[in-house]
Amino acid sequence: MSTNDTPTAASAEALKTMALRMAALVDALEDRSLAVVDASRANREALARAAATVDAAGPRLVEAATQAVRNEAASALASGLGSSVDEIRKALAAAAEDATNGARRLAAERDALGRQQRRAFWTGAVALGVGAVLIVASCACWVAQARAEVEALAFPAAVHAATASGALRACGDKLCARVGTESRRAGERGEYLVVE
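Small disclaimer: the values here were computed from a predicted structure and weren't measured.

A. Spatial organisation of the overall build of the protein chain. Across its full length, the protein chain carries two helices and four strands. Within the protein chain, the proportion of its 196 residues that are buried is 14%. Considering only intrachain contacts with a sequence separation of at least 6, the fraction spanning at least 24 residues in the protein chain is 50%. Counting every atom, the protein chain has about 14,600 Å² of accessible surface; 61% of that belongs to carbon and sulfur.

Structure follows, in C-alpha cells:
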C-alpha cells in the first residue's frame, strides 16, 4: 500500500462505484416508468377510437334496422298483405328494440373500457410513486451510510496526519505528543493537552 492509498481514497472509490450503480438503477426505473406511461397513452388512444366508433356506428345501426323493417313493411303492404300490418308493426318494434339494446350494450362496453383504462392509469401512477419513494429512501440510506463511513475515517486520518507531521511519535516504548511550550488544555475538566 503506497502512502497515497489511504482508507479515505478506498472509501471514495467505493462511494463512486455505489453512486454509479444507483445511477444505473435510477435509469432503469425511469425507462420502466416511461414504458408504463407510453402503454397508458396507447390504451387511452385505443379507448378513444373505440368510443368514437361506437358513438358513430350506434345511431346508424338503429336507423338501418328501422329502415330495413320499414322497407319490408311497405313491400308487404304493396303486395296486398294488408292483414299482416299488425305483425309488421310488431316486427318493426322488435327490430327497433333490438337495435336500441345493441346500442346500450355498446355504450356499457365503452364505459367498462373507460373504467379499466382509468384503473390501469392509477395503478401505474401508484407504482411510479412507490418506486420514487423507494429510490429516495435508498438514496437517503446510502448517504447516511456514506456520511457515517466518512466520519469514522476522520479520526484515523487525523492520527495519521499528526504522525506524519511529527506531532505524535514513539519515545521508546511510550507514545509522545508535541504540545508546545504554551500548551492548551481540552476536555470538560482540562484533562487533555492539545497536540500541535
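Still to come is the rest of the account.
B. Main features of the pattern of salt bridges. Scanning the model with the defined rule gives two salt bridges in all. One salt bridge connects Asp 38 with Arg 41, and the closest N-O pair in it is separated by 3.2 Å. Within this pair, Asp 38 and its partner Arg 41 are both found in helix H1 (residues 7-78), separated by three residues, close to a single helical turn. A residue is classified by how much of its surface remains accessible, and Asp 38, at 45% relative accessible area, is partly exposed.

C. Region of interest: the pairing of strand E1 (residues 168-171). As paired strands, E1 and strand E2 (residues 174-177) are joined by four bridges and run antiparallel to one another. By the bridge assignment for E2, Ala 170 is matched with Leu 175. Where E1 hands over to E2, the hairpin turn is made up of two residues, of which Gly 172 adopts a positive phi near 70°.

D. Examining the state of the cysteines more closely. Evaluated as defined, the whole model comprises one disulfide. Paired through a disulfide, Cys 171 and Cys 176 show a sulfur-sulfur distance of 1.8 Å. Looking at Cys 171, the relative accessible area reads 28%, which means it is partly exposed. The class of Cys 176 is partly exposed, set by a relative accessible area of 26%. With no disulfide of its own, Cys 139 lies 10.0 Å from the sulfur of Cys 141, the closest cysteine sulfur.

E. Main features of the packing of aromatic side chains. As enumerated under the stated definition, the model contains one aromatic pair in all. Judged by centre distance (5.3 Å) and plane angle (75°), the ring pair of Phe 121 and Trp 122 falls under edge-to-face. Given the relative accessible area of 37%, Phe 121 is considered partly exposed. By relative accessible area, Trp 122 is classed as exposed at 56%.

F. Spatial organisation of the environment of Cys 139. Among the secondary structure elements, Cys 139 is positioned in helix H2 (residues 85-165). Taking the C-alpha atoms as reference points, Cys 139 and Met 22, separated by 117 residues in sequence, lie 7.8 Å from one another.

G. Representation of the side chain of Gln 117 within the structure. Locating Gln 117 in the fold gives a position in helix H2. For Gln 117, a relative accessible area of 13% corresponds to the buried category. The residues touching Gln 117, leaving out its near neighbours within four places in the chain, are Ser 40, Asn 43, Arg 44 and Leu 47.

H. Representation of a nonpolar patch on the surface. On the surface, Val 126, Val 130 and Leu 134 cluster together to form a nonpolar patch covering roughly 280 Å² of accessible area. Looking at the secondary structure, you find Leu 134 in helix H2.

I. Broad picture of the environment of Ser 138. Following the sequence through the fold, Ser 138 ends up in helix H2. The partly exposed category is assigned to Ser 138, whose relative accessible area is 28%. Taking C-alpha positions, Ser 138 is 8.9 Å from Met 22, a pair spaced 116 residues apart along the chain.

What counts and how
- Residues numbered from 1 in each chain as written.
- Predicted model: local features only at pLDDT ≥ 70, side-chain atom pairs only at ≥ 80, totals over all residues.
- Heavy atoms only, no water.
- Helix = DSSP H or I, 4+ residues; strand = E, 2+ residues; numbered from the N terminus.
- Buried < 20%, exposed > 50% of the residue type's maximum accessible area, 1.4 Å probe, protein only.
- Contact = heavy atoms within 4.5 Å.
- Areas by Shrake-Rupley, 256 points an atom, 1.4 Å probe, with all protein chains shown as cover.
- Salt bridge = Lys/Arg side-chain N within 4 Å of Asp/Glu carboxyl O.
- Pairing = 2+ DSSP bridges.
- Disulfide = S-S within 2.5 Å.
- Phe/Tyr/Trp six-rings, centres within 6.5 Å; stacked < 30°, edge-to-face > 60°.
- Patch = residues over 30% accessible without salt bridge, like charges linked within 9 Å, V, L, I, M, F, W, Y side chains within 5 Å.

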